[in-house]
Amino acid sequence: LFSWEPDLYQKLFFWHPYTPSQSADIPNLAWIAVALFLSIVYYLYDPRVKPFLGALAAAQWPLFFCLKITLSNTLLPGKPVPVSSLILAFSAMTLILLHAILRMYWRKVYMDPLTAIPNRQAMDERLHTLSGRFALAMVDIDHFKKFNDTYGHAEGDNVLRMVAQQLLESLGDRVYRYGGEEFCVIFENQDLEYAGQWMERARGALEKRKFVLRGSRRPKSEGLKLPFQKEEHRGKKVHITISVGVASSGKAGRSCEEVLKHADHALYEAKEKGRNRVVSEGK
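To keep things clear, this report deals only with the structure shown in the data block.

Rules used in this analysis
- Residues numbered from 1 in each chain as written.
- Predicted model: local features only at pLDDT ≥ 70, side-chain atom pairs only at ≥ 80, totals over all residues.
- Heavy atoms only, no water.
- Phe/Tyr/Trp six-rings, centres within 6.5 Å; stacked < 30°, edge-to-face > 60°.
- Helix = DSSP H or I, 4+ residues; strand = E, 2+ residues; numbered from the N terminus.
- Buried < 20%, exposed > 50% of the residue type's maximum accessible area, 1.4 Å probe, protein only.
- Lys NZ or Arg CZ within 6 Å of the ring centre and 35° of its normal.
- Axes fitted to C-alpha atoms, helices over the stretch in contact; angles between N-to-C directions.
- Parallel < 35°, antiparallel > 145°, perpendicular 65-115°, else oblique.
- Left-handed = near helix turned anticlockwise from the far one by under 90°.
- Contact = heavy atoms within 4.5 Å.
- Nonpolar A, V, L, I, M, F, W, Y, C, P; charged D, E, K, R; others polar.
- Pairing = 2+ DSSP bridges.

1. Examining the packing of aromatic side chains
Any two aromatic rings considered together are summarised by their centre-to-centre distance and by the angle between their planes. Counted under the stated rule, the structure contains five aromatic pairs. Geometrically, the ring pair formed by Phe147 and Phe211 is edge-to-face, given 6.2 Å between the ring centres and 65 degrees between the ring planes. In this pair, Phe147 sits in helix H7 (residues 144-151) while Phe211 sits in strand S4 (residues 210-212), placing the two residues 64 residues apart along the sequence. For the pair formed by Phe147 and Phe211, the shared burial category is buried. Geometrically, the ring pair formed by Tyr194 and Trp198 is tilted, given 6.2 Å between the ring centres and 50 degrees between the ring planes. With Tyr194 and Trp198 both in helix H9 (residues 192-208) and four residues apart, this pair spans about one turn of that helix. Overall, the relative accessible area of 26% leaves Trp198 in the partly exposed class. Positioned above the aromatic ring of Trp198 is the side chain of Arg201, whose terminal nitrogen or guanidinium carbon lies 4.7 Å from the ring centre.

2. Focus: the packing of helix H8 (residues 153-171) against H9
Interhelical geometry of H8 versus H9 gives an angle of 135 degrees and a closest axis separation of 10 Å. What the angle tells us is that H8 and H9 run oblique. Here the hand of the crossing between H8 and H9 comes out right-handed. Taken together, the residues of H9 that come into contact with H8 (itself represented by Met162, Val163, Gln166, Leu167, Ser170 and Leu171) are Trp198, Met199, Ala202, Ala205 and Leu206.

3. What about the packing of H7 against H8?
Describing two packed helices takes the angle between their axes plus the distance from one axis to the other. Orientation of H7 relative to H8, taken along the N-to-C sense of each, is 135 degrees, at an axis distance of 7 Å. By the angle class used here, H7 and H8 are oblique. On H8, the residues that touch Phe144, Phe147, Asn148 and Tyr151 of H7 are His153, Glu155, Gly156, Val159 and Leu160. Its residues assigned to classes, the contact of H7 with H8 comprises five nonpolar, three polar and one charged.

4. As for the sheet that holds strand S1 (residues 134-141)
Strand order across the open sheet formed by five strands is S2-S3-S1-S6-S7, with mixed pairing between neighbours. The open sheet has two edge strands, strand S2 (175-179) and strand S7 (278-280), and neither has a second partner. Looking at each pair of strands side by side, their axes are set apart by 25 degrees on average, direction ignored. Bridge count for S2 against strand S3 (residues 182-188) is four bridges, and the pairing is antiparallel.

Okay, here's the thing in structure tokens:
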């Protein structure tokens with residue numbers, strides 16, 4: 001474009017009257033393109049690709065640094081391009097993007113995509129790294145299948161997200177999604193009584209919280225929904241409760257598989273006793 005029409009080149013890319021041979025600036029159009037890209041990343045909703053795009057945006061700075069050095073040195077005849085600075089800048093770009101890729105891979109392997117908390121694989125690996133005593137709680141959402149049948153799976157997914165976030169707020173990063181409507185909580189270096197007290201607090205906090213339905217009830221009859229037909233349950237407030245079973249490795253040093261089994265038995269006992277309660281093994 002410059003060899004064909006220098007003035008048009010200046011107007012499109014630099015927006016000032018200097019010729020490219022007199023200026024080593026990065027084109028203004030490039031800065032605007034980066035600004036637009038950063039705004040897209042900032043307002044992007046999808047959390048799965050947002051970290052990678054953020055890293056890609058951060059990599060633009062060492063890239064522009066390379067361009068600036070290259071443009072500046074090409075204006076001075078006989079002056080070599082500083083190779084070390086270029087290598088350093090491109091190395092920074094590579095590290096930024098590599099870290100973003102590894103982070104995306106880690107989230108895909110160890111994070112549950114629905115609830116955004118660690119999944120069962122992360123829990124299994126965590127359990128096998130524990131060397132001292134620990135306690136473990138199994139959590140199950142009460143009447144979850146009935147809730148799904150009544151209000152639909154979309155509302156069921158919203159309940160799973162809400163319960164996961166409530167447990168995360170009450171118990172911190174020790175919460176894992178075990179599968180389905182079950183969660184698992186690991187208390188490292190803690191005993192049965194300590195874990196039971198914390199799970200009772202978490203259960204009580206969730207019981208007091210009201211869940212607001214966002215969708216509508218499944219239609220009982222087939223056919224199209226009429227435009228004037230009201231959604232029956234949108235905005236309705238319901239209470240969500242959980243049943244909890246707690247077990248510990250004890251002084252004998254049980255394996256993680258044995259602790260899981262005892263916690264599951266305690267959870268079954270909590271359901272048998274009427275749900276919405278915490279039951280510790282042996283009590």
